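Now for the letters of each chain:
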Amino acid sequence: MIRAENLTKRYGDTTVVQDLSFTVQPGAVTGFLGPNGAGKSTTLRMILGLDAPTRGHATVDGRPYARHGAPLTRVGALLEARSVHPGRSARHHLTALALTHGIPRSRVDRVLAVTGLTHVADKRVKGFSLGMGQRLGIAAALLGDPATVVLDEPVNGLDPEGVLWIRTLLKSLAAEGRTVLVSSHLMSEMALTAEHLIVIGKGRLLADTTVDALVRASGGASVKVVTPEADRLRNLLPGAGITLEAPDTLLVTGPDAPEIGRTAAAHGLPLHELTPRAASLEQAFMALTHDSVEYQGALA
Amino acid sequence: MTTATVTPRLTHARVLHSEWHKLWTVRSTWITVLTATALVLGVGILMGATYTSDGGDSDVDTVILTLYGSQLGAIALAVLGILVTAGEYASGMIRASLTAVPGRLPVLTAKAAVYTGVTLTLTFATNLLTFLTAQVFLSDTDQAASLTDDGVLAALAGNAAGITLLGLIALGLGATLRSVPGAIGAFVGGVMILPEVLGMLPYEAMETAVRYFPTQAAGALGSATPLPGAASPGAALLALLLWAAATLAVPALLLKRRDV
């Protein structure tokens, strides 16, 4: 379990993380979402003790990461940038890390196999593709068989097969009862992997919620209705949120598709289309983070 | 997923083992170490083979003459010291190292310990080999000497200690500056060239002080006979130890405070 309490990080006048508090529970994949520059990586580095918080603190299983006797068995981490000497082979890199804890070499072989790197284990990391580099980072994260896994943008640079592999891996790690925290700036990716979401923007907590709740909070589902009798139908649905998309097209929130269909049938109104629409998570995310995007593009 | 039967735990001895493994699993170590050895041995053989008793070098100390290549070898080994520390910042490996060892300080001490052990052993062995090989050529000249002669073994060991301590200064600079080119620049400029410049200033006090600067002190350690205008071996060793300790204390203090 990870607990962040009032985490704050300032560099001079710039506040990168501001008063951030959250808890990450075991047994589920928690997505750590935010636009680029929101302070995700800085927060993760503070959890791992690489960056010292200006204020507040973070604990893993009740104590600061650095206070654990065998930190690699507590938290396995994949950090954003590559953290590997390019001239060392994958096996030697993992062995060097394993030796600090007396983790047996059989475990090195095991994580190489799990990440599909066995055939390149003795090649120098210099020649690795971005995806292979990510896999090596994940191998290092799994090395200590840790109770908590922290991955910073793990799908970056992975091909579709690799993305699928990460999703499956994260879910199985959570199913084994581990705490899994995964950062991403892609809501769509998190929607497929995470159950819980921690959303930040400009270093502040925007939402600590579940994927389902976020969708509901963002206005929920709507129904697209196409009918030549748009005005009449509109009057028959009091209390519903209705926007007129075109003279014959309504976007209705509130009543669901069967209810609208029944109402139209009862009054003999012809319907040309009746389509339930799930709110796009992407839109929910955009709505939530709109004000906190570091670099907003302006339309010329 | 558990395959471990022993309980993994972080210990100083294990961090030392890890640093040993790291040292020998990159090519730059082999390149710098072999370069240093080849330079010392090569120059030593060259000096021995081309020496003539009437060549005007009769007053040069035998060990200094034999180990002329040390000055070049020392640079290669200083670069190794810098790569051991600053190199990890260049590659980003330091983030993995300090995540595995969040106490941080054990990483620096293990690096310094492994470097000291390797460099001292290797340099001393190279020095012995170079001296004995050069003596094959020097045996019928006025530079004929043996290991049992007064001060010879001490000078061969002193030279090795001097080079090791210079290398530790480089290692400390690397850990402080966290940049390979920056640390090489600081070492060449600050440790190798600056004292030479200061020594040329027309102040006697400066001239005396410069004797205790790292390169000059290392030079005094590597002579079988007392050098004119140099510190005594004991004082030189003490000075070098203090320089190395001071240069390593800076990154040791900073390591705990700085973000990685």
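Notes on the structure in this doc start here.

The rules we used
Residues numbered from 1 in each chain as written. Chains lettered and ligands numbered in written order. Predicted model: local features only at pLDDT ≥ 70, side-chain atom pairs only at ≥ 80, totals over all residues. Heavy atoms only, no water. Helix = DSSP H or I, 4+ residues; strand = E, 2+ residues; numbered from the N terminus. Buried < 20%, exposed > 50% of the residue type's maximum accessible area, 1.4 Å probe, protein only. Contact = heavy atoms within 4.5 Å. Areas by Shrake-Rupley, 256 points an atom, 1.4 Å probe, with all protein chains shown as cover. Lys, Arg positive; Asp, Glu negative; His and termini not counted. Charge placed at Lys NZ, Arg CZ, Asp CG, Glu CD. Buried area = accessible area lost by both parts, 1.4 Å probe. Salt bridge = Lys/Arg side-chain N within 4 Å of Asp/Glu carboxyl O. Polar contact = N/O pair within 3.5 Å; in protein donor to acceptor, adjacent residues only side chain to side chain. Pairing = 2+ DSSP bridges. Axes fitted to C-alpha atoms, helices over the stretch in contact; angles between N-to-C directions. Parallel < 35°, antiparallel > 145°, perpendicular 65-115°, else oblique. Nonpolar A, V, L, I, M, F, W, Y, C, P; charged D, E, K, R; others polar. Patch = residues over 30% accessible without salt bridge, like charges linked within 9 Å, V, L, I, M, F, W, Y side chains within 5 Å. Phe/Tyr/Trp six-rings, centres within 6.5 Å; stacked < 30°, edge-to-face > 60°. Lys NZ or Arg CZ within 6 Å of the ring centre and 35° of its normal. Left-handed = near helix turned anticlockwise from the far one by under 90°.

Before going further, it helps to examine the overall build of chain B. Looking only at helices and strands, chain B has 11 helices and zero strands in total. Secondary structure of chain B in N-to-C order comes out as α-α-α-α-α-α-α-α-α-α-α. Seen along its three principal axes, the alpha-carbon backbone of chain B occupies a region of about 75 × 45 × 30 Å. Here chain B holds 260 residues, and 47% of them are scored as buried. When contacts within chain B are restricted to residue pairs at least 6 apart in sequence, those whose partners lie at least 24 apart make up 76%. Accessible area for chain B stands at about 11,700 Å²; split by element, carbon and sulfur atoms hold 69% of it. Here chain B contributes 12 positively and 14 negatively charged side chains, and the mean placements of these two sets differ by 32 Å.

If you look at the interface, chain A gives 45 residues, while chain B gives 33 residues. When the two sides are added together, the surface that chain A and chain B hide from each other amounts to roughly 3,300 Å², 59% of it contributed by carbon and sulfur. A per-residue breakdown of the area chain A buries against chain B is headed by A:Leu50, A:Arg88 and A:Thr100, which together make up 18% of the total. Counting across the chain A and chain B interface gives one salt bridge. Ionic pairing is found between B:Asp259 and A:Lys9, a salt bridge with its closest N-O pair at 2.6 Å. For the interface between chain A and chain B, the tally reads 15 residue pairs in polar contact (both at pLDDT 80 or more). Contributions of two or more residues to the side of chain A that touches chain B are made by strand 1 (2–11), helix 2 (71–74), helix 3 (90–101) and helix 4 (105–114) of chain A.

A few words now on the sheet that holds strand 11 (residues 241–246) of chain A. Residue and element names in this part refer to chain A. One open sheet accounts for four strands, arranged 11-12-10-13; its pairing is antiparallel. Taken across any chain shown, the strands that pair with only one partner, and hence form the sheet edges, are strand 11 and strand 13 (273–277). The average undirected angle you get between the axes of adjacent strands in this sheet is 20°. Its contacts with the sheet put helix 10 (residues 257–266) on strand 10 (222–226), strand 12 (249–253) and strand 13, and the angle it makes with strand 13 is roughly 160°.

Once that is clear, we can look at unusual backbone geometry. All names here are of chain A. Of note, the phi angle at Asp 19 is positive, near 50°, even though the residue is not glycine. Position of Asp 19 relative to the elements: it lies in strand 2 (residues 14–24). Classification of Asp 19 by relative accessible area gives partly exposed; the value is 40%. Backbone geometry places Glu 153, a non-glycine residue, at a positive phi of 50°. Within the element layout of this structure, Glu 153 appears in the loop between strand 6 (148–152) and helix 6 (160–175).

Residue and element names in this part refer to chain A. Position of Thr 193 among the secondary structure elements: in helix 7 (residues 187–193). On the basis of relative accessible area, Thr 193 is assigned to the buried category, the value being 3%. With 37 residues separating them along the chain, Thr 193 and Asn 156 place their C-alpha atoms 15 Å apart. Those residues in contact with Thr 193 that sit more than four places away from it in its chain are Val 29, Arg 167, Leu 170 and Lys 171. A polar contact of 2.8 Å, which involves the side chain of Thr 193, links it to the backbone oxygen of Glu 189.

Residues and elements named next belong to chain A. One pass over the full model with this rule turns up 14 salt bridges over all chains. Across the salt bridge formed by Arg 167 and Glu 189, the nearest N and O atoms sit 3.1 Å from each other. Of the two residues, Arg 167 sits in helix 6 while Glu 189 sits in helix 7, which places them 22 residues apart along the sequence. We note that Arg 167, like Glu 189, is buried.

This next bit is on the packing of helix 7 (residues 152–177) of chain B against helix 10 (residues 214–221) of chain B. Residues and elements named next belong to chain B. Axis separation between helix 7 and helix 10 bottoms out at 7 Å; the angle between their running directions is 160°. When the interaxial angle is binned, helix 7 and helix 10 end up roughly antiparallel. Taken together, the residues of helix 10 that come into contact with helix 7 (itself represented by Ala 154, Ala 155, Gly 158, Asn 159, Gly 162, Leu 166 and Ile 169) are Pro 214, Thr 215, Ala 218 and Leu 221. Its residues assigned to classes, the contact of helix 7 with helix 10 comprises seven nonpolar, four polar and no charged.

This part covers the environment of A:Leu143. All names here are of chain A. Along the polypeptide, Leu 143 turns up in the loop between helix 5 (130–142) and strand 6. A residue is classified by how much of its surface remains accessible, and Leu 143, at 1% relative accessible area, is buried. As for Leu 143 and Gly 31, which are separated by 112 residues in sequence, their C-alpha atoms are 22 Å apart.

This part covers a nonpolar patch on the surface. Side chains of B:Val188, B:Ile193, B:Val197 and B:Met200 sit close together on the surface and give an oily, nonpolar patch of about 360 Å² of accessible area. Among the secondary structure elements, B:Ile193 is positioned in helix 8 (residues 180–199).

With that settled, the discussion passes to the packing of aromatic side chains. Inspection of every chain in the model, using the stated rule, returns four aromatic pairs over all chains. Ring centres 5.7 Å apart and planes at 45° place the aromatic pair A:Phe22 and A:Phe32 in the tilted group. You can see A:Phe22 sitting in strand 2 and its partner A:Phe32 sitting in strand 3 (residues 29–33), a full 10 residues away along the chain. We classify A:Phe32 as buried; its relative accessible area is 0%. Ring centres of B:Trp24 and B:Trp30 lie 4.9 Å apart, and the angle between their planes is 55°; on these two criteria the pair is classed as tilted. An aromatic cluster is present here, built from B:Trp20, B:Trp24 and B:Trp30 joined pairwise through their rings. A cation over a ring is seen here: A:Arg135 above A:Trp165, with NZ or CZ 4.6 Å from the ring centre.

The subject of this paragraph is the sheet that holds strand 1 of chain A. All names here are of chain A. The three strands are arranged 2-1-4 in an open sheet whose pairing can be described as antiparallel. Among the strands making up the open sheet, the edge pair consists of strand 2 and strand 4 (55–60). Going across the sheet, the axis of each strand differs from the next one's by a mean of 20°, ignoring polarity. The pairing of strand 1 with strand 4 spans five bridges and is antiparallel. Note on strand 4: the bridge partner recorded for Glu 5 is His 57.

Right, let's talk about the packing of helix 3 of chain A against helix 5 of chain A for a bit. Residue and element names in this part refer to chain A. Close contact between helix 3 and helix 5 brings their axes to 10 Å; oriented N to C, the two are set at 25°. It follows that helix 3 is roughly parallel to helix 5 by the angle criterion. Crossing angle aside, the handedness with which helix 3 passes helix 5 is right-handed. Contacts between helix 3 and helix 5 involve Ala 90, His 93, Leu 94 and Leu 97 from the first element and Leu 136, Ala 139 and Ala 140 from the second. Class assignment for the residues of the contact of helix 3 with helix 5 results in six nonpolar, one polar and no charged.

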